[in-house]
Amino acid sequence: MVHPLKIPHSRPTLSEDEAKAVVHVIGSGHIAQGDIVKQFENAVAEFIGVKYAAAVSSGTAALHLSLLALGIGPGHEVIIPSFVCTALLNAVNYTGAMPILADIDHLTYNLDPDDVAHKIGSKTRAIIVPHLFGMAADLERLCNMKIPVIEDCAQSIGGRYRGKQMGSFGDLGVLSFYATKVITTGEGGMVGSNSKEIIDKIKNFRDYDNRKDYQIRYNYKMTNIQAAMGMVQLSKLNDFIHKRLKIAERYSNAFLNCGLKIPKMHRDHIFYRYVIETNKDIPQQIIALEKKGVDCSRPVYKPLHHYLKTGGFPNTDKAYEKALSIPIYPSLSEIEINQVIRSFQRIFN
Ligand SMILES: *Cc1c(COP(=O)(O)O)cnc(C)c1O
C-alpha cells in the first residue's frame, strides 16, 4: 500500500532567495530595525497605494497601535466581527476600550453592515473590518458610517475591491506577516495610511529608546532580518496569488458533484483560505480527511461570542457549524493537490 502524504493545512512558501537575503543582512551587522525596514515599508505602501506605512512586530501589534493612534481607550467602543480570531479581541482589550461584536454576512463571512449600523452608538470610535479568507468586506457601506475604519488585511494583501487594493480604503490598513499568512517574515505586521499624523504616532509608540519625554511606549519593532525576507516575499506576491487562484479553480471544478457549497470566484478573492460548507459534522470530517493525509480545519477556531458566552449571532453560528478550510498555498505540489481532490471525492461523493 502506498502511504498518502501528510499535507499540512497551511505552510509558508520559502526558497533560497529568502535565505540569501537573510544571510546578507546578518553579514551587514545591522540586524535590528533599520534601513531594510524602511525599504520594506516604502515597498508595501507603494504596492497597496497608500502614502505611508509603519512596520511592527505582528498583526496584533499593528491593530493595537492603530487603535492607540486613533486615540482609543477606556470609555470607548470598537466594533469587531464575532467570526474572527482572538487577535482583534485582544487588541481592543489592550486599550481598555469595550469590544462590541457584530454578526457577519453569511455569503462573504465578513461584517454585516446592517448589524454594524445597529451596534453603532455614541461611544463607538472605530470599526475593525477584516477581509476574511482573502475576500473583500462591503467597504462601500462600512466606510460610510462616519466612524473610523481599520481595514484588517492580515488575510488579504494583494486582494482588490472594485479594482483598488484592499487596505487603501479605510483610515488605516493592517497587515500580518505571520508564517502562514499570504506573505511572511516569520512574525511581523504593518500599518498603512494616507495620514502622516497617524503613521508618525504609530512609529512613536513602537519604539521606546532615546526619547526626551516619557510616555508609555512599546517594543513592537520589526527587524532588518524580517524585512529582508519580506522584500523577497513581496516580489513574489503576484505569483503567489496566481497560484492560489489556479488551485481554487481546480478544487471548484473537482468538487462540483460532491454536494458541498463551494466558494464563489468573485470580488477579487485571493483565496487565502479555500472554505467549503457541508451539512455533515465538521469534527468527524476533519478526522476522516486526516486519515487520508489531508489536514483540514475550521477556518475560525471559535467565534468570539462563544468565548464571551453571549448570543445573537445567527450567521456566525451557521458559518461555524458548516465551514471547513482546505489546504491551499503556493507551495502545494501537483501530487498534493490531486490527493486533496481524491480524498474529498471519496469522502463527500
Ligand atoms: C493573523 C491575523 C491577525 C493577527 O496577526 P498576528 O501577526 O498573528 O498577530 C489579525 N487579524 C486577522 C484577520 C488575522 O488573520
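In this report, the structure presented in the accompanying data block is examined.

What counts, and where the lines are drawn
Residues numbered from 1 in each chain as written. Predicted model: local features only at pLDDT ≥ 70, side-chain atom pairs only at ≥ 80, totals over all residues. Heavy atoms only, no water. Helix = DSSP H or I, 4+ residues; strand = E, 2+ residues; numbered from the N terminus. Buried < 20%, exposed > 50% of the residue type's maximum accessible area, 1.4 Å probe, protein only. Near = heavy atom within 4 Å. Polar contact = N/O pair within 3.5 Å; in protein donor to acceptor, adjacent residues only side chain to side chain. Nonpolar A, V, L, I, M, F, W, Y, C, P; charged D, E, K, R; others polar. Patch = residues over 30% accessible without salt bridge, like charges linked within 9 Å, V, L, I, M, F, W, Y side chains within 5 Å. Areas by Shrake-Rupley, 256 points an atom, 1.4 Å probe, with all protein chains shown as cover. Salt bridge = Lys/Arg side-chain N within 4 Å of Asp/Glu carboxyl O. Core = buried A, V, L, I, M, F, W, Y, C linked by side-chain atoms within 4.5 Å. Phe/Tyr/Trp six-rings, centres within 6.5 Å; stacked < 30°, edge-to-face > 60°. Lys NZ or Arg CZ within 6 Å of the ring centre and 35° of its normal. Disulfide = S-S within 2.5 Å. Pairing = 2+ DSSP bridges. Axes fitted to C-alpha atoms, helices over the stretch in contact; angles between N-to-C directions. Contact = heavy atoms within 4.5 Å.

**Structural notes on unusual backbone geometry**
Its identity as a non-glycine residue notwithstanding, Asn 210 has a phi of 60 degrees, on the positive side. Positive phi values are uncommon outside glycine, yet Phe 271 reaches one of about 55 degrees. Topologically, Phe 271 is positioned in the loop between helix H9 (237–254) and strand S12 (274–277). Judged by its relative accessible area of 1%, Phe 271 is buried.

**Observations regarding the site of the ligand**
Near the ligand you find Ser 58, Gly 59, Thr 60, Cys 85, Ala 87, Leu 88, Asp 152, Ala 154, Gln 155, Ser 176, Lys 181 and Gly 188, and these make up its full shell. Within the contact set of the ligand, an oxygen atom lies 2.6 Å away from a side-chain nitrogen or oxygen of Thr 60. Contact distances for the ligand include 2.9 Å between an oxygen atom and a side-chain N or O atom of Gln 155. Going through the elements one at a time, helix H3 (59–69) and helix H4 (86–95) are the ones with two or more residues in the shell around the ligand. Split into classes, the residues belonging to the shell around the ligand amount to 4 nonpolar, 6 polar and 2 charged.

**A word on a nonpolar patch on the surface**
Together, Tyr 301, Tyr 307 and Leu 308 make up an exposed nonpolar region whose accessible area comes to about 350 Å². Looking at the secondary structure, you find Leu 308 in the loop between helix H11 (304–307) and helix H12 (314–322).

**Focus on the nonpolar core**
Note on soluble globular proteins: their nonpolar side chains tend to be buried together. In terms of nonpolar packing, the biggest core is built from 42 residues, with Leu 67, Val 78, Ile 80, Phe 83, Tyr 109, Ile 128 and Ile 202 touching the most fellow members. Only strand S1 (52–56), H3, strand S2 (77–81), H4, strand S6 (124–130), strand S10 (172–176), helix H7 (196–205) and H12 provide two or more residues apiece to this core. Within the second largest apolar cluster, 39 residues are counted, among which are Val 50, Ala 55, Ile 127 and Leu 139.

**Considerations on the packing of aromatic side chains**
Tallying each qualifying case throughout the model produces 13 aromatic pairs. Between Tyr 251 and Tyr 274, the ring centres sit 5.2 Å apart and the planes meet at 75 degrees, which makes this aromatic pair edge-to-face. Remark: Tyr 274 occurs in strand S12 and Tyr 251 occurs in helix H9; sequence separation between them is 23 residues. Assessed through its relative accessible area of 0%, Tyr 274 is described here as buried. Where Phe 255 meets Tyr 274, the ring centres are 6.2 Å apart and the plane angle is 70 degrees; that geometry is what we call edge-to-face. Linking Phe 255 in the loop between H9 and S12 with Tyr 274 in strand S12, this pair joins segments that are 19 residues apart in sequence. The same class applies to Phe 255 as to Tyr 274, namely buried. Through pairs of rings, three or more aromatic residues link up here, namely Tyr 251, Phe 255, Phe 271, Tyr 274, Phe 344 and Phe 348. The residue whose ring lies beneath Lys 164 is Phe 169, and the NZ or CZ to ring-centre distance is 4.8 Å. Geometry around Tyr 320 places Arg 298 over its ring, the cationic atom sitting 4.1 Å from the centre.

**Some points on the state of the cysteines**
On inspection of all chains with the given rule, the structure shows 0 disulfides. Not part of a disulfide, Cys 153 finds its nearest cysteine sulfur in Cys 143, a span of 10 Å. Left unpaired, Cys 296 is separated from the closest cysteine sulfur, that of Cys 258, by 13 Å.

**Quick word on the sheet that holds S10**
Read from one edge of the open sheet, 7 strands run S1-S11-S10-S7-S6-S2-S3, paired in mixed fashion. The two strands at the open ends of the sheet, each matched to only one other strand, are S1 and strand S3 (98–102). The mean angle between the axes of side-by-side strands here comes to 20 degrees, regardless of whether they run parallel or antiparallel. In the packing of helix H2 (residues 35–48) onto the sheet, contacts are made with S1, S10 and strand S11 (189–193), and the angle to S1 comes to roughly 130 degrees. Of the strands in this sheet, S1, S10 and S11 touch H7, which is tilted by about 20 degrees from S1.

Nothing here speaks to function; it is geometry throughout.
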